[in-house]
Amino acid sequence: MLVTLTVNGVRRAASVPPRRLLSDFLRHDLALTGTHVGCEHGVCGCCTVLLDGEPVRSCLTFAVTVDGREVTTVEGLARADGEMSPVQRAFAECHALQCGFCTPGFLCAVTALLRDEPAPSERQVREGISGNLCRCTGYQNIVKAVHRAADLIAEES
């Protein structure tokens, strides 16, 4: 089936089998390997991307269902000039990653969280990241990074 969509601001088209997962489409057909696949059951959140601005598990989404829609992967979070987004900068500043495998999913989820809730409470942050699992960090620095990103976004406004 022919799928045409906008990925990270670029219109893309490809022929895909009907059962191809969005994660596989992004990684194998479009060579956007920043989207990681962890559990392949939608539990870990490593494959989270933004579909029309909303976080989705790309390992549970068929590529054919996103025809005509807009997908943002971790590669698309940086600014047009290549500068890291406030969320990316905050994760780096706050040491909110260790092995980095879960990081792309967290970055996409947090980007959507802060768009919807620019000044989240501690509870909102923890709830907002609860769909993403990390085996390395213990989450404390991730929570700090979300608050730092909110500050950076507010400073830019």
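Further up the page is the structure itself.
Note that this is a predicted model, so its numbers are computed, not measured.

## So, the sheet that holds strand β5 (residues 70-72)
In step 1: Pairing within the open sheet is mixed, and its five strands lie in the order β2-β1-β5-β3-β4. On the outer flanks of this sheet lie β2 (10-15) and β4 (54-57), each paired with one strand and no other. On average, each strand axis in the sheet is inclined to that of its neighbour by 40°, with strand direction left out of account.
In step 2: Sheet analysis places strand β1 (residues 2-7) next to β5, joined by two bridges and oriented parallel. Note on β5: the bridge partner recorded for Val 7 is Val 71.
In step 3: Helix-sheet contacts for helix α3 (residues 103-116) involve β3 (48-51), β4 and β5, and the interaxial angle to β3 is about 40°.

## Considerations on the side chain of Thr 103
In step 1: Positionally, Thr 103 belongs in helix α3.
In step 2: Excluding residues within four positions of it along the chain, Thr 103 makes contact with Phe 91 and Leu 97.

## Notes on the pattern of salt bridges
In step 1: In the structure shown here, the tally under the stated rule is twelve salt bridges.
In step 2: Of the charged contacts, one joins Arg 115 and Glu 54 as a salt bridge, the two residues approaching to 2.9 Å between their closest N and O atoms. Highlighted residues: Arg 115 in helix α3 and Glu 54 in strand β4, separated in sequence by 61 residues.
In step 3: For Arg 79, the salt bridge is made with Glu 156, and the minimal N-O distance between the two is 2.5 Å.

## Examining the pairing of β1
In step 1: Burial analysis of β1 places five of its six residues in the buried class, the great majority of the element.
In step 2: Across six bridges, the pairing between β1 and β2 is antiparallel. Its bridge partner lying in β2, Val 7 is registered against Val 10.
In step 3: Joining the antiparallel neighbours β1 and β2 is a turn of two residues, in which Asn 8 adopts a positive phi near 55°.

Definitions and cut-offs
Residues numbered from 1 in each chain as written. Predicted model: local features only at pLDDT ≥ 70, side-chain atom pairs only at ≥ 80, totals over all residues. Heavy atoms only, no water. Pairing = 2+ DSSP bridges. Helix = DSSP H or I, 4+ residues; strand = E, 2+ residues; numbered from the N terminus. Axes fitted to C-alpha atoms, helices over the stretch in contact; angles between N-to-C directions. Contact = heavy atoms within 4.5 Å. Salt bridge = Lys/Arg side-chain N within 4 Å of Asp/Glu carboxyl O. Buried < 20%, exposed > 50% of the residue type's maximum accessible area, 1.4 Å probe, protein only.

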